[in-house]
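# Structural description and commentary
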Amino acid sequence: MSGRPYSALGEVLDELARKRDVRGPHRIANYVKARFPDAPSGVAVSKWMYGEASPTPENVRRFAEAFELSEGEKTTLSFAFTYGQEPPKDV
């Protein structure tokens, strides 16, 4: 464990994955790869979570589909991806 904080997007990815008992960037990557074999590696997911790189919109979609996110969860994820923060409470 690095002790570094996740970015806003990383926090959301982590929270959504943990709701489904998946913890850590490499496990998240493996979970998505099980459904989409051409999904990025654990190293790439780790870089997204620490704010060192950004996923493509396609990879955000893959994450949402692999984890079967609800509409509300998709809104939270897309807001973090686009604006780097959680959506306002009224969204």
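A brief report on the enclosed structure follows.

Scoring rules and cut-offs
Residues numbered from 1 in each chain as written. Predicted model: local features only at pLDDT ≥ 70, side-chain atom pairs only at ≥ 80, totals over all residues. Heavy atoms only, no water. Axes fitted to C-alpha atoms, helices over the stretch in contact; angles between N-to-C directions. Helix = DSSP H or I, 4+ residues; strand = E, 2+ residues; numbered from the N terminus. Parallel < 35°, antiparallel > 145°, perpendicular 65-115°, else oblique. Contact = heavy atoms within 4.5 Å. Nonpolar A, V, L, I, M, F, W, Y, C, P; charged D, E, K, R; others polar. Salt bridge = Lys/Arg side-chain N within 4 Å of Asp/Glu carboxyl O. Buried < 20%, exposed > 50% of the residue type's maximum accessible area, 1.4 Å probe, protein only.

## Overview of the packing of helix H2 (residues 25-35) against helix H4 (residues 57-66)
Packing of H2 against H4 leaves a shortest axis separation of 9 Å and a crossing angle of 85°. Classified by the angle between their axes, H2 and H4 sit roughly perpendicular to one another. Residue-level contacts link Ile28, Tyr31, Val32 and Arg35 of H2 to Arg62, Phe63, Glu65 and Ala66 of H4. Classifying every residue of the contact of H2 with H4 gives five nonpolar, no polar and three charged.

## Comments concerning the pattern of salt bridges
Opposite charge on two side chains makes pairing possible when the charged atoms of those side chains draw close. A full pass over the atoms with the stated rule returns ten salt bridges. With a shortest N-O distance of 3.0 Å, Asp14 and Arg18 are connected by a salt bridge. Of this pair, Asp14 and Arg18 both sit in helix H1 (residues 8-18), four residues apart, roughly one helical turn. Judged by its relative accessible area of 38%, Arg18 falls in the partly exposed class. Between Glu65 and Arg61 there is a salt bridge, with the nearest N and O atoms lying 2.6 Å from each other. You can see Glu65 and its partner Arg61 sitting in helix H4, four residues apart, about one turn around the helix. The partly exposed category is assigned to Glu65, whose relative accessible area is 31%. With a relative accessible area of 32%, Arg61 lands in the partly exposed category. Members of the salt-bridge network, linked through shared partners, are Asp38, Glu58, Arg61, Arg62 and Glu65.

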